[in-house]
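Coordinates in review
What follows is each chain in one-letter form.
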Amino acid sequence: MPPTLASLVHHSALKLTVRAGEDRLDVPVRWAHVSELADPVPYMEGGELLLITALKLDAEDPEAMRRYVKRLAGAGVVGLGFAVGVNYEDIPAALVEAARQEGLPLLEVPRRTPFLAISKAVSAAIAADQYRAVTAGFAAQRELTRQALTDGPEGLLTALASQVDGWAALYDASGAVVATAPEWAGRRAARITADVERLRERPAPASSVVAGPEDEDRVELHSLGTGRRPRAALAVGTAAALGTAERYAVHSAIALLTLTTERSRSLHAAEQRIGTAVLRMLLAGEPDHARAVAGDLYGALLDAPFRMIVAESVAVSGSASAALAAVENPPRVQAGAKPSAAALAAASGTGGDPLGALAEIVESAAARAGESVLVVPEGERLVVLAADGGAAVAACAEYATALEAARAGSAVRDTAAGEEDELVVGLSAPAGPIAAAAAYKQAEQALSVARRRGRVCVEHEQLAAGSVLPLLADDAVRAFADGLLRALHDHDATGRGDLVASLRAWLSRHGQWDAAAADLGVHRHTLRYRMRRVEEILGRSLDDPDVRMELWLALKATSAE
């Protein structure tokens, strides 16, 4: 520990005597400084032991001494050393009384003790303390390294918590707690996930201090990783600010965890290459070869039903997408799925890389659940193979729900947003390795529907359960409908009959003349005449079911405008 006034008083060679402030000798001394100025405060930094002979002071003036001592105490001076036998044979009573009133320790320095000896004693004690801190730091580094090599990040956190006499927690790229030490710190670590999310938005390396209520600890947050976006974060909680030795231990932990993170990233790239090969074999109809290549890495994923997820990042108008999302139903990938705080935070700021954010979320969820997940970037797409009903699929649904909510909110707040990259996701029905190609096609179809409807996520099973009519909201379909019905609209515009309304009524009544005529309020013969005119104008027979189907869809497409 650093030198204190008490350690200087007990120094046998200095022979110092305490004249005031006996109850405040445990304060640390940052330096010993000699000054005979009447006002040395402008040159003080705080924590000094000030040494004087009162050469330029009226040390016997009580009012002057009260002002002098008060200014010293206000500047953070921790003690005053007065040399007797130089200008005064004894410390003046006015100075002793002023020091007692202010509570400032006052030390009597005998004539045979030079100020230089005191300065050397303070300097030596500070150097010894720094040496002890560095030595302890190196010892902590060796212990942390040993724990990291034998027990991984969990062992490293346990050693770090012991070194700093507090707790430590590791967060993954999504801001979720991965490990804590001791175990009781899990709840405390979970309460600062919002602060971890804010730290992730800053380029690495980044750090911050979270100051809790007075009865709680002080927490330091540090980002981990060398890339633009942090790969993880470390939290260290202590009762007080870290000392030099503890600071060495934290910096060593950051370096070791960053090295582990970067090594994991290299392994992840290698695993991704294997995953790409497995996916290509599955889509090529070679499940046996795919299983052989997958091995233990992805083998468990192919032993149970999985979902194929295909995602794209599309550039759309912010206001247009928000307006579409505001009127659409939320995705039904998982019943009762609700966005978590982590998903909402990720949805509110993807850093311009929605595909990267989705990959981080599903991989983190799978890692926490101990699941296998196959994530393969494919050009402008991201393809994911995840266990049906597992944590990765649930995380995808949660993220999609959060994005839908974010877009709906932006529809109210921002009506003039420019173009931005937004996520579109399609999910297949549950499938096995043999049906992987069909599952990929299902996911593509769901992706296409999601893109047309302005939705974040659509599941293939939703397509059959819904209506085909929303699919007509396409410019090409509307152009076809306008072209097919244009001649009828031109005819009606001349006032020679209402052929479009008559055709709609007749088709809606499945060709029943009396019912359709009653709906229109005309005689059935009038309706028969109008339908013959429709056939003449279009040059097509209404007896053909394909013609009736096309006309009905054209009427529905134009009526939806």
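Residues numbered from 1 in each chain as written. Predicted model: local features only at pLDDT ≥ 70, side-chain atom pairs only at ≥ 80, totals over all residues. Heavy atoms only, no water.

1. Looking at the overall build of the protein
A count of helices and strands for the protein gives 19 helices and 15 strands. Going through the 561 residues of the protein one by one, you find that 45% of them count as buried. Considering only residue pairs separated by 6 or more positions, the protein has 66% of its internal contacts joining residues 24 or more positions apart. Put simply, the protein shows about 27500 Å² of open surface, and 53% of that area lies on carbon and sulfur atoms. (Helix = DSSP H or I, 4+ residues; strand = E, 2+ residues; numbered from the N terminus. Buried < 20%, exposed > 50% of the residue type's maximum accessible area, 1.4 Å probe, protein only. Contact = heavy atoms within 4.5 Å. Areas by Shrake-Rupley, 256 points an atom, 1.4 Å probe, with all protein chains shown as cover.)

2. Details of the sheet that holds strand S3 (residues 48-52)
Strand order in the open sheet formed by five strands is S1-S5-S4-S3-S2, with mixed pairing between adjacent strands. Edge strands, defined here as strands with exactly one partner in the open sheet, are strand S1 (17-20) and strand S2 (31-34). Strand-to-strand twist of the sheet, defined as the mean angle between neighbouring strand axes without regard to direction, takes the value 30°. (Pairing = 2+ DSSP bridges. Axes fitted to C-alpha atoms, helices over the stretch in contact; angles between N-to-C directions.)

3. Concerning helix H6 (residues 193-200)
Along H6, the residues that are buried comprise Val196, Glu197, Leu199 and Arg200. Buried positions in H6, seen along its axis, are confined to an arc of 160° and lie on one side of it. (Arc of directions from axis to C-beta.)

4. Notes on the sheet that holds strand S9 (residues 218-224)
The strand order S7-S6-S10-S9-S8 describes an open sheet built from five strands, whose pairing is antiparallel. Among the strands making up the open sheet, the edge pair consists of strand S7 (177-181) and strand S8 (207-211). Strand-to-strand, the axes of this sheet are offset by a mean angle of 20°, without reference to chain direction. As paired elements, strand S6 (residues 167-171) and S7 share four bridges and run antiparallel to each other. Bridge pairing links Ala168 to Ala181 in S7.

5. Let's talk about the side chain of Ser119
Mapped onto the elements of the fold, Ser119 is located in helix H4 (residues 115-164). With residues up to four places along the chain from it excluded, the contact list for Ser119 reads Ala32 and Leu51.

6. Focus on the pattern of salt bridges
What the rule picks out here adds up to 23 salt bridges. Of the charged contacts, one joins Arg30 and Glu45 as a salt bridge, the two residues approaching to 3.5 Å between their closest N and O atoms. In this pair, Arg30 is assigned in the loop between S1 and S2 and Glu45 in the loop between S2 and S3, connecting sequence segments 15 residues apart. Judged by its relative accessible area of 48%, Arg30 falls in the partly exposed class. For Glu550, the salt bridge goes to Arg540, with nearest N and O atoms at 2.8 Å. Of this pair, Glu550 sits in helix H19 (residues 545-559) while Arg540 sits in the loop between helix H18 (524-538) and H19, and the two are ten residues apart along the sequence. A relative accessible area of 23% places Glu550 in the partly exposed class. Among the charged side chains, a salt-bridge network with shared partners connects Glu312, Arg381, Glu444 and Arg451. (Salt bridge = Lys/Arg side-chain N within 4 Å of Asp/Glu carboxyl O.)

7. Remarks on the packing of helix H17 (residues 513-520) against H18
Between H17 and H18, whose axes approach to 9 Å, the crossing angle comes to 100°. When the axes of H17 and H18 are compared, the pair comes out roughly perpendicular. Where H17 abuts H18, its residues Trp513, Asp514, Ala516, Ala517 and Leu520 lie against Arg524, Leu527, Arg528 and Met531. Along the lines of polarity and charge, the residues of the contact of H17 with H18 split into six nonpolar, no polar and three charged. (Parallel < 35°, antiparallel > 145°, perpendicular 65-115°, else oblique. Nonpolar A, V, L, I, M, F, W, Y, C, P; charged D, E, K, R; others polar.)

8. Some words on the packing of aromatic side chains
Enumeration according to the criterion identifies two aromatic pairs in this entry. Between the aromatic rings of Phe82 and Tyr88, the centroid separation amounts to 6.1 Å while the plane-to-plane angle is 55°, which identifies the pairing as tilted. As far as burial versus exposure is concerned, Phe82 and Tyr88 are alike and both buried. Between Trp506 and Trp513 the ring centres are 5.5 Å apart and the planes differ by 35°, which places this aromatic pair in the tilted class. Looking at Trp506, the relative accessible area reads 8%, which means it is buried. Look at Trp513 and you get partly exposed, because its relative accessible area is 21%. (Phe/Tyr/Trp six-rings, centres within 6.5 Å; stacked < 30°, edge-to-face > 60°.)

9. Points about the environment of Val534
Tracing the sequence through the fold places Val534 in helix H18. In this structure the C-alpha to C-alpha distance between Val534 and Val500, which are 34 residues apart in sequence, comes to 8.6 Å. Apart from the residues lying within four places of it in its own chain, the contact partners of Val534 are Leu488, Leu499, Leu503 and Gly539.

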